Amino acid sequence: MTSPPFACSASSTGKFGKYGGQYVPETLMEPLKVLADAYLRFSKDPSFKKELAGWLGQYAGRPTPLYLASRLTSHVGGARIFLKREDLLHGGAHKINNTLGQALLARNMGKHRIIAETGAGQHGVATAMACAALGLKAEIYMGGEDIERQKLNVYRMKLLGAKVHPVESGSKTLKDAINEALRDWVTNVEDTYYLLGSVVGPHPYPTMVRDFQSVIGKEARRQILRQEGKLPKAIVACVGGGSNSIGIFHAFLSDMEVGLYGVEAGGRNMSPGKNAAPLVAGREGVLHGMMTYVLQNTEGQVESTESISAGLDYPAVGPEHSYLMSVGRTKYVTQTDSDALDGFRLLSQLEGIIPALEPAHAISYATKLARSLQKEDSIIVNLSGRGDKDVDIIARQFPQ
Ligand SMILES: *Cc1c(COP(=O)(O)O)cnc(C)c1O
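These figures come from a predicted structure and were not determined experimentally.

What counts, and where the lines are drawn
- Residues numbered from 1 in each chain as written.
- Predicted model: local features only at pLDDT ≥ 70, side-chain atom pairs only at ≥ 80, totals over all residues.
- Heavy atoms only, no water.
- Helix = DSSP H or I, 4+ residues; strand = E, 2+ residues; numbered from the N terminus.
- Rg over C-alpha atoms; globule rule 2.2 N^0.38 Å.
- Buried < 20%, exposed > 50% of the residue type's maximum accessible area, 1.4 Å probe, protein only.
- Contact = heavy atoms within 4.5 Å.
- Areas by Shrake-Rupley, 256 points an atom, 1.4 Å probe, with all protein chains shown as cover.
- Core = buried A, V, L, I, M, F, W, Y, C linked by side-chain atoms within 4.5 Å.
- pLDDT = per-residue confidence, 0-100.
- Phe/Tyr/Trp six-rings, centres within 6.5 Å; stacked < 30°, edge-to-face > 60°.
- Expected span 1.5 Å × (residues − 1).
- Pairing = 2+ DSSP bridges.
- Axes fitted to C-alpha atoms, helices over the stretch in contact; angles between N-to-C directions.
- Salt bridge = Lys/Arg side-chain N within 4 Å of Asp/Glu carboxyl O.

Draft legend 1. Representation of the overall build of the protein. Check the secondary structure of the protein and you find 16 helices and 14 strands. Here the C-alpha radius of gyration of the protein, 20 Å, is about what a compact globule of 400 residues would show, namely 21 Å. When its C-alpha atoms are laid out on the principal axes, the protein stretches across 55 × 50 × 45 Å. Every one of the 400 residues in the protein was classed for burial, and the buried ones make up 59%. Considering only intrachain contacts with a sequence separation of at least 6, the fraction spanning at least 24 residues in the protein is 73%. A total accessible area of about 16,200 Å² is found for the protein, and carbon and sulfur atoms account for 52% of it.

So this is what it looks like as structure tokens:
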């Protein structure tokens, strides 16, 4: 393979241009180095790769189909819209690609206690699944507020044999759970592996999680070439921490004719605190060990966020996205809560697929983009997850 015109791998210090890095207390430097070294070693080890491919195929359900949404395409009247069906994976989302990869790495490193943070509970559930399957002990940190809001996922994690630790500090949500998990890791680093849920945090997580998710784009590129005989005009994916989007973008980075669109949560509107769109509305800053775009107020305090989809409700974003935006390779846009609900309804009723509210943002933007393209063109939307988890929220919005 020829290398793309972008430094698409982080440097040895985990920098994507000036983004990324390791902005952590001294006590975390050594565990991060051990992890980075182990990842580098295993990522080149053919038997590790084979073992992971086996789990992805036999357990998670890869490869996922690339589906031509023909009724949605006719309804929109423009480019052909293909869906990469990550919603069909075990657990109902792309998250299992990452949790299987990291859990397998942990086991190979001889670590049998896994800790993780979770916001809405989706990453916690995916971690609990991978740990149960691989015979590892899972302990999940979750904000007290989130535990209240996501009772079903808390129960799922327990059913899967995981222990859930409520976090009662700060805002009792995701960012407090991350802080608590980091604290646990420093204290118990001998036998404990910290399994992070997206392409965020200090090096090597953004690189490692991206590698585990890049299977999405590798498959999609092969599939679109086979099915259409040419590359798509665009790829569209929703951006929370940024893992499903970077996962599908990566294989297309050096295909300059393919537009790469990340869709952030426009929430209620673009005023401060009412959205979760750090790339569109944030500024450069440091959060959770990385230098990246962060939603912050004029004093540099992290801004509160709002989105109908819990998975997009995060004030920062993976550093590689910040880099790709800065060199102009990717574009970032927003769709509001109400746009996402439109996307949700369209896909459910025209295709019989109930999407998660996160990729419903991407569906909504894709319909607008498709309309501006030709009928011979195609675009791929990453359908990162299914919507069963969101039916309650929808029912409250549309009681009829
Ligand atoms: C968690 C989640 C997301 C957001 O996370 P990324 O790291 O940005 O991919 C998107 N879609 C679904 C279905 C999710 O569960």
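Draft legend 2. Up close: the nonpolar core. Membership of the largest hydrophobic core comes to 56 residues, with the highest contact counts inside it found for Leu-105, Trp-185, Tyr-193, Tyr-194, Tyr-205 and Met-208. For Tyr-193, the residues in contact, after removing those within four places along its chain, are Leu-35, Gln-102, Leu-105, Ala-106, Met-109, Lys-111, Arg-113, Ile-114, Ile-115, Trp-185 and Met-208. Counting residues in each nonpolar core, the second largest holds 28 residues, with Ile-224, Phe-249, Leu-253 and Val-317 among its members.

Draft legend 3. Molecular detail of the confidence of the model for the protein. The predicted model of the protein has a mean per-residue pLDDT of 95, with 97% of residues at 70 or higher. Confidence drops under a pLDDT of 50 for residues 1–7, and excluding neighbours within four residues, the segment shows nine contacts in the predicted structure.

Draft legend 4. Layout of the packing of aromatic side chains. For the structure shown, the criterion picks out eight aromatic pairs. Residues Trp-185 and Tyr-205 carry aromatic rings whose centres are separated by 6.4 Å and whose planes lie at 65° to one another, so their mutual orientation is edge-to-face. Of this pair, Trp-185 sits in helix H8 (residues 174–187) while Tyr-205 sits in helix H9 (residues 205–213), placing them 20 residues apart in sequence. Its relative accessible area of 4% is what places Trp-185 among the buried residues. For the ring pair Tyr-261 and Tyr-365, a centre distance of 5.8 Å and an interplane angle of 45° mean the geometry is tilted. Of the two residues, Tyr-261 is situated in strand E10 (residues 259–267) and Tyr-365 in helix H15 (residues 357–371); the sequence distance between them amounts to 104 residues. Here Tyr-261 and Tyr-365 have matching classes, each one buried. Ring pairs connect the aromatic residues Trp-185, Tyr-194 and Tyr-205, which therefore count as one cluster.

Draft legend 5. Summary view of helix H14 (residues 337–351). Here H14 spans 21 Å end to end across 15 residues, near enough to the 21 Å set by a 1.5 Å rise per residue. Every buried residue belonging to H14 is among Asp-337, Asp-339, Ala-340, Leu-341, Gly-343, Phe-344, Leu-347, Ser-348, Leu-350 and Glu-351, and all of these are buried. Gly-352, located one to two residues past H14, shows a positive phi value of around 70°.

Draft legend 6. Summary view of the sheet that holds strand E7 (residues 163–167). Across the sheet, four strands lie side by side as E7-E6-E5-E8; this open sheet has parallel pairing. Whereas interior strands pair on both sides, the edge strands pair on one side only; in this sheet they are E7 and strand E8 (192–194). When the angles between neighbouring strand axes are averaged without regard to direction, this sheet yields 25°. Direction of pairing for strand E5 (residues 113–118) relative to strand E6 (residues 137–143): parallel, over a ladder of six bridges. Across the sheet, Glu-117 pairs through a bridge with Tyr-141, a residue of E6. Along the sheet, helix H5 (residues 122–134) contacts E5 and E6; its crossing angle with E5, the most-contacted strand, is approximately 160°.

Draft legend 7. Broad picture of the pattern of salt bridges. One pass over the structure, following the stated rule, counts 26 salt bridges. Put simply, Glu-228 and Arg-80 hold a salt bridge, and the shortest N to O gap is 2.9 Å. Here Arg-80 lies in strand E4 (residues 80–85) and Glu-228 lies in helix H10 (residues 215–228), a separation of 148 residues in the sequence. Since its relative accessible area comes to 22%, Glu-228 is described here as partly exposed. Ionic pairing is found between Asp-255 and Arg-221, a salt bridge with its closest N-O pair at 2.8 Å. Separated by 34 residues along the polypeptide, Asp-255 in the loop between helix H11 (243–249) and E10 and Arg-221 in helix H10 bring together distant segments of the chain. Classification of Asp-255 as buried rests on a relative accessible area of 10%.

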